[in-house]
Number of protein chains: 2
Amino acid sequence: MPTLEARSQLITSRNHPMVRRVRALQSRSERERTGLFLIEGIRFLSGAVQHRAKIDTVLVAPPLMKSPYGQKLVRQLARSGVRCLDVTPDVLHSAAQTDDPQGVVASVHQDWAALPDVDPTEGLCWLAVSTVQSSGNLGSLARTADAVGAAGLIFLTDGPDPYDPAAVRASMGSVFALRYARVSAGELVAWKRRHGGELVGTSPAAELDYQEHRYRQPGILFMGWERRGLSPDEQALCDVMVRIPMAGRCDSLNLAIAASVLLYEVFNQHRRVGVSEPV
Amino acid sequence: MPTLEARSQLITSRNHPMVRRVRALQSRSERERTGLFLIEGIRFLSGAVQHRAKIDTVLVAPPLMKSPYGQKLVRQLARSGVRCLDVTPDVLHSAAQTDDPQGVVASVHQDWAALPDVDPTEGLCWLAVSTVQSSGNLGSLARTADAVGAAGLIFLTDGPDPYDPAAVRASMGSVFALRYARVSAGELVAWKRRHGGELVGTSPAAELDYQEHRYRQPGILFMGWERRGLSPDEQALCDVMVRIPMAGRCDSLNLAIAASVLLYEVFNQHRRVGVSEPV
C-alpha cells in the first residue's frame with residue numbers, strides 16, 4: 001500500500017543532480033545565479049514555513065530526522081507539493097555545513113525587496129549598512145533587528161551577503177522575518193525623501209549623543225564601517241548624526257554591537273510612547 | 001659598529017625552539033601550561049606596552065615591519081630587555097594566524113586576577129558569564145565592556161578562554177585593559193557579599209524591565225547561556241533578575257549583544273548621575 005504522500009526513491013549518490021544543486025549553494029556565485037540559499041535543521045525549516053518563504057527542495061535523511069515535529073513538517077511540505085527528496089545520511093552530510101543538520105537541508109528562494117515599492121512605515125525602523133566585517137556579525141545584527149521589530153536591512157554595496165550560510169545560521173531564523181534590499185545611496189535617499197523619512201548616521205565625532213535624539217518614523221539608521229565610520233559623502237546624506245559615547249579606553253565597538261545599542265535606543269523610545277515621554 | 005640594542009642573529013628555521021614555543025600558543029593546552037598567549041600586529045603590541053602587560057618574546061620580521069612606529073616600539077622593547085628575535089618572513093608567518101601580522105608576533109603573559117584580592121568598586125561594573133558560544137563573541141563582549149569602562153570579566157566555568165587568539169583579535173586590544181578572573185559561583189557570591197555588591201541576572205522570564213532597575217555599584221551583571229538563560233540555581237544567587245524586552249518575533253539575542261545592551265544601560269545610568277536623574 002502506498003503512503004499518503006508521494007515520496008521519492010532514496011538518493012544514495014552524492015553526485016545526484018539535485019544534491020549537487022543544493023550543495024552548490026554554499027558558494028556565493030551559485031546563490032546569485034539561482035536566487036536560492038541553503039538552510040539546515042528543523043528550526044530553520046520551521047521558520048521558512050512560518051514566514052511563508054518559498055521552499056525549492058528539501059533533502060531529508062530519515063534515519064537522522066529524529067524529531068516527530070520535523071517529520072510532520074516534512075510530510076506536510078511534501079503533501080503541499082514541495083519537492084522533498086529522501087537521501088542517505090552520507091548524502092545529507094555532503095550537502096550540509098554544520099555537523100548536525102538534524103536530518104534536513106533545504107534550498108529556499110531569496111527574497112529581495114524592491115525598495116521603491118516598500119512602505120517604510122512598516123516596522124520600527126530600517127538599518128542601512130555599507131560593509132559588515134563578517135557573516136556571523138551580519139547574522140547577529142539581523143537577529144537584533146528582528147528582536148526589536150525592525151523592518152529590514154538595506155545594503156549599500158555588493159559586499160555583505162545576508163544569505164551566506166554563516167549569516168543565515170547566526171540570524172537564528174531572522175533571515176525569514178526581515179526584508180532585505182540592495183540599493184545605491186542615491187536610491188536610498190530618494191526613497192527616504194518620498195516618504196518623509198529620517199536618515200540617522202553614526203560617527204564617533206558627532207556632537208549629538210544617541211540618547212538625546214528623538215528618533216522619528218519612518219527612520220533609517222545608517223551604520224558605517226567599524227572604526228572608520230561613515231565617509232564624509234555618506235554623512236552628507238544623513239539628516240542627523242549621532243554618537244554612541246564610550247568611556248574612553250576602547251575607541252570603537254563591533255559593528256553589530258553598535259547597531260544593536262542604537263536599535264535598542266529606538267525601540268526603548270518607541271515602547272515608552274504613551275507611557276511617560278513623548279517621542 | 002654594533003647597534004645600540006643587542007639584536008639576535010636572524011632565525012631562518014621554522015623549527016627554532018623559540019619559534020615553536022610561540023607558535024604552540026595557538027593551542028589552548030599550551031596556553032594553559034605556559035600561562036602565555038599570542039598576539040599579532042602592531043596595534044596589539046602597542047596595547048600590550050601601553051597597559052604594561054608582561055611581554056615574553058617578540059618575533060620580528062624586519063622586511064614585513066613597514067611602520068616606523070612599530071620599528072621604534074620594537075627597538076624600545078629590545079632596549080628595555082624584552083627578548084626580541086629577528087626572523088624571516090616565512091618563519092613569522094609560520095607562527096601567525098592572520099594573513100598580515102604586520103611584521104610582528106609576540107607571546108605575552110596572561111593576567112588572571114585573584115578575585116578575593118580585587119576591589120569590586122573599580123570600574124563601572126563586572127560581567128560574569130558561564131559559557132560563550134564563540135571566541136569571536138567573547139572578544140566582542142570584552143570590547144564593549146572596555147568601551148563602557150567595565151572592570152572585567154568573571155568566568156564561572158572552564159569553557160571560555162579569553163586568551164584564545166580569535167577572542168584576543170576580536171577584543172581589539174581590550175584584552176589588556178580588562179581584568180579576568182575564573183572562580184566558582186560560591187566564590188563569586190562570597191566576594192560580592194563581602195563588598196555589599198549587587199548581582200544582577202538576566203532572564204527572558206524576569207518581570208523587571210532592564211531599564212526600570214537602578215544599577216548599584218559595585219555591580220556584577222550575570223549573563224546565562226543564549227536562549228536557555230541562567231539556570232534556576234544561578235538565578236537563586238542573583239539579588240535581582242531583569243529582562244531585556246523584545247518585540248516578539250525573535251526569541252533571543254546573541255549573548256555578546258544582550259550583554260552589550262545591558263552594559264550600555266548601566267553606563268547610561270551612570271553617566272546621567274549628577275545631570276538629571278538619581279541612580
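That block above? That's the structure.
> Explain the overall build of chain A residue by residue, including any values.
For chain A, the helix and strand inventory stands at eleven helices and eleven strands. Its C-alpha atoms give chain A principal-axis dimensions of about 70 × 35 × 35 Å. Expressed as a percentage of the 279 residues in chain A, the buried residues total 56%. The contacts in chain A between residues at least 6 apart in sequence include a share of 79% that link residues at least 24 apart.

> How would you summarise the side chain of Thr144 of chain A if you had to cite specific residues and measurements?
Note that Thr144 of chain A resides in helix H6 (residues 135-147). Since its relative accessible area comes to 0%, Thr144 of chain A is described here as buried. Within the local environment of Thr144 of chain A, its side chain forms a polar contact with the side chain of Ser260 of chain A, the two groups lying 3.1 Å apart. If near-sequence neighbours (up to four positions away) are discounted, Thr144 of chain A is found in contact with Ser260, Leu263 and Tyr264 of chain A together with Leu253 and Ile257 of chain B.

> So, the relation of the copies chain A and chain B: which residues are in play, and what are the values?
Both copies of the chain are tied together by a single rotation about an axis and a shift running along it. Taken as rigid bodies, chain A and chain B are interconverted by a rotation of 180° and an axial shift of 0.0 Å, the fit giving an RMSD of 0.0 Å. Seen this way, the second copy is the image of the first under a two-fold rotation axis.

> A description of unusual backbone geometry should follow, citing residues and the corresponding values.
Here the residue pair Gln217 of chain A and Pro218 of chain A is connected by a cis peptide bond, since its omega of -10° sits within 30 degrees of zero. Summarising the element assignment, Pro218 of chain A is placed in the loop between strand E9 (208-209) and strand E10 (219-223). Residue Gln102 of chain B is not a glycine yet carries a positive backbone phi of 55°. Looking at the secondary structure, you find Gln102 of chain B in the loop between helix H5 (89-95) and strand E4 (104-109). Backbone geometry places Met172 of chain B, a non-glycine residue, at a positive phi of 50°. With respect to the helices, strands and loops of the structure, Met172 of chain B is situated in the loop between helix H7 (165-170) and helix H8 (174-177). In this structure Met172 of chain B comes out as buried when scored by relative accessible area, which is 19%.

> So what's going on with the sheet that holds strand E5 (residues 126-129) of chain B? Which residues, and what values?
Either a parallel or an antiparallel arrangement is found when strands of a sheet pair, and the pairing is made through backbone hydrogen bonds. Residue and element names in this part refer to chain B. Pairing in this open sheet of seven strands is parallel, and the strands run E7-E6-E5-E10-E8-E11-E9 from one edge to the other. Of all the strands in the sheet, the pair left with one neighbour each is strand E7 (179-182) and strand E9 (208-209). Here E9 runs beside strand E11 (residues 240-243); their pairing, made up of two bridges, is parallel. Counterpart to Leu208 in the pairing with E11 is Val242. The sheet contacts of helix H6 (residues 135-147) involve E5, strand E6 (152-155) and E7, and relative to E6 the element is tilted by about 140°.

> Tell me about helix H4 (residues 68-79) of chain A, residues and numbers included.
Residue and element names in this part refer to chain A. Taking 1.5 Å of rise per residue, the twelve residues of H4 would be expected to cover 16 Å, and the 16 Å separating its terminal C-alpha atoms lies within 8% of that figure. Of the residues making up H4, those classed as buried are Gly70, Leu73, Val74, Leu77 and Ala78. Down the axis of H4, the smallest arc covering the buried residues is 130°, so these residues share one side. Every exposed residue of H4 that faces more than 90 degrees away from the buried side is listed here: Pro68 and Arg79.

> Let's hear about the interface of chain A and chain B: which residues, and what values?
The interface is formed by 39 residues belonging to chain A together with 39 residues belonging to chain B. Around 3000 Å² of area is buried between chain A and chain B when both sides are counted, 47% of it from carbon and sulfur atoms. The interface formed by chain A and chain B includes two salt bridges. Of the charged contacts in the structure, one is a salt bridge between Arg271 of chain B and Asp209 of chain A, with a shortest N-O distance of 2.5 Å. For the interface between chain A and chain B, the tally reads 18 residue pairs in polar contact (both at pLDDT 80 or more). Where the side of chain A that touches chain B is concerned, the elements lending two or more residues are H6, helix H8 (174-177) and helix H11 (255-272) of chain A. The element best represented in the side of chain A that touches chain B is H11 of chain A, accounting for nine residues. Of the residues that constitute the side of chain A that touches chain B, the class distribution is 19 nonpolar, ten polar and ten charged.

> Tell me what's going on with the packing of H11 of chain A against helix H11 (residues 255-272) of chain B, and back it up with residues and numbers.
For the pair H11 of chain A and H11 of chain B, the least separation of the axes is 9 Å and the interaxial angle reads 55°. When the interaxial angle is binned, H11 of chain A and H11 of chain B end up oblique. At the point where H11 of chain A passes H11 of chain B, the crossing takes the right-handed sense. Across the interface between the two elements, Ala256, Ile257, Ser260, Val261 and Tyr264 of chain A of H11 of chain A pack against Ala256, Ile257, Ser260, Val261 and Tyr264 of chain B of H11 of chain B. Residues of the contact of H11 of chain A with H11 of chain B, tallied by class, amount to eight nonpolar, two polar and no charged.

Rules used throughout
- Every residue gets a number counted from 1 within its own chain, in the order that chain's sequence is written.
- Written order determines the labels here, with chains lettered from A and ligands numbered from 1.
- This being a predicted model, a pLDDT of at least 70 is required before a residue's local features are given, and a value of 80 or more before pairs of side-chain atoms are given or counted; all residues contribute to the totals for chains, interfaces and linings.
- Just so you know, side-chain values use all the structure's heavy atoms and leave hydrogens and water out.
- The helix and strand labels rest on DSSP assignments: H or I over at least four residues marks a helix, E over at least two residues marks a strand, and numbering proceeds from the N terminus.
- Residue burial is assigned from relative accessible area. The probe radius is 1.4 Å, only protein chains are included, and a residue is buried under 20% of its type maximum, exposed over 50%, and partly exposed in between.
- Any two residues whose heavy atoms approach within 4.5 Å are treated as being in contact.
- Within 3.5 Å is the distance limit for a polar contact, defined as a pair of N or O atoms, with the added protein rule that one can donate a hydrogen and the other accept it, and that residues adjacent in sequence qualify only through two side-chain atoms.
- The least-squares superposition of copies is restricted to C-alpha atoms, and to residues with a pLDDT of at least 70 in both copies.
- Strand pairing is assigned whenever DSSP detects at least two bridges linking the two strands.
- Note on method: axes are straight lines fitted to C-alpha atoms, helices fitted across the in-contact stretch only, with angles between N-to-C directions ranging 0 to 180 degrees.
- Take the number of residues in a helix, subtract one, and multiply by 1.5 Å to get its expected span.
- It is the directions from the helix axis to the C-beta atoms that the arc portrays.
- When two parts are put together, the accessible area they lose, computed with a 1.4 Å probe and summed over both, is reported as buried area.
- When a carboxyl oxygen of Asp or Glu is within 4 Å of a side-chain nitrogen of Lys or Arg, the pair counts as a salt bridge.
- When residues are sorted by character, Ala, Val, Leu, Ile, Met, Phe, Trp, Tyr, Cys and Pro go into the nonpolar class, Asp, Glu, Lys and Arg into the charged class, and all the rest, Gly among them, into the polar class.
- The cut-offs work like this: below 35 degrees is roughly parallel, past 145 is roughly antiparallel, 65 to 115 is roughly perpendicular, and the gaps in between are oblique.
- In this scheme the handedness of a crossing depends on how the near helix is turned from the far one: anticlockwise by less than a right angle means left-handed, clockwise means right-handed.

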